[in-house]
Amino acid sequence: MVGSAAIIGAGMAGLSCATRMAQGGWRVALFDKGRRPGGRLSSKVVTADGQSFAFDYGAQYMTARDPAFVAQVEVWARDGVVAPWPAVGEDAWVGVPGMNAIPTHMAAPLAPRWSTHIRELMRGSDGWRLGHDAGREGPFDAVILAIPAEQVPALATAHAPDLAERAEAHSSAPCWTVMLGFETVLSAADILANGDASDGPIDWAARNSAKPGRDGGEAWTIHATPEWSRRHLESDTASVTASLLRALEERVGTLPSPAYAAAHRWRYARSGKAGIGAWHRPDLGLAACGDWLIAPRVESAWLSGRQAAEAVLAG
């Protein structure tokens, strides 16, 4: 059967799902409440004191292990979208010139509808309709939820309470991220990581300019541990920035005053691990995908989106 599908969420899982659905001949409409491609693969370039600084402030890299994802990454590498980062591991890759290059590349042929927050799903005799602030969309033969677990129940409870319950049982861990730009190069290793909350709040800190394909000044990204982030989830950005700057100084020694400093709060950073690949109810024409259905990795999101698409295509 060839039909029409609405995919809610244009992160890695949604883009992967939409790509496969389109390859299968389906008409695909992709909706995302964000303003641009990125999600947890977000990057930005800022200017401060006349110097530019480039930051990956979401996922720092991705690994490729599953044969299907390895093959996809090799295609992206030939297209100049990704490059290996051997400092992290033999199977580690980064987007070029930023992590957001990957979703930007994937989204280009799919024309997602950005800044469109789907707030309601309605199922009738002619299929699914979607409600958002500007009106309604549809009908569609199928709907795929490619959103964080925490956002699933609001749309799924009325139609698939089992999916909503599964999502509630696999919530994400938060993460505070701080971005620091310095006018001079720090005397420190390119990567500082421990994941041990007893050693302080830093889970990961890295010199962004050490990644392949990066330009700009001395830019550092710091991810706080899930435990520290949860305790300080509602703290203000200034105090979080100051705390993680002090923590970095404790690790590497006295630091110059940063030319740029900012914090970003990820409420849904590290996903849960439902371990089922994707969820599908063919009798409803409803499916769900996302890293939370497998494990908290970029590769998992891509695989889950692919699996959801294959399930819908199979009918």
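Scroll up a little and you will see the structure.
Enquirer: Can you lay out the pattern of salt bridges for me, pointing to particular residues and giving the numbers?
Expert: Taken as a whole, this structure holds 15 salt bridges when the rule is applied. Note that E234 is salt-bridged to R265, the shortest N-O span being 3.5 Å. Here the residue E234 occupies a position in the loop between α6 (226-231) and α7 (237-252), and R265 occupies one in strand β16 (residues 260-270), the gap between them amounting to 31 residues. Since its relative accessible area comes to 57%, E234 is described here as exposed. Beyond isolated ion pairs, a larger network of salt bridges with shared partners links D56, K211 and R214.

Enquirer: Help me get a handle on the pairing of strand β11 (residues 142-145), residues and values and all.
Expert: On β11, burial covers both faces: A142 and I144 on one face and V143 and L145 on the other are all buried. Note that strand β1 (residues 4-8) and β11 share four bridges and pair parallel. Of the residues in β11, the one forming a bridge with I8 is L145. Two strands pair when backbone bridges link them, and β11 and strand β18 (residues 286-288) are joined in this way by three bridges, in the parallel orientation. Directly across from V143, in β18, lies its bridge partner L286.

About the thresholds
- Residues numbered from 1 in each chain as written.
- Predicted model: local features only at pLDDT ≥ 70, side-chain atom pairs only at ≥ 80, totals over all residues.
- Heavy atoms only, no water.
- Salt bridge = Lys/Arg side-chain N within 4 Å of Asp/Glu carboxyl O.
- Helix = DSSP H or I, 4+ residues; strand = E, 2+ residues; numbered from the N terminus.
- Buried < 20%, exposed > 50% of the residue type's maximum accessible area, 1.4 Å probe, protein only.
- Pairing = 2+ DSSP bridges.

Bear in mind that shape data such as this cannot, by itself, settle questions of function.
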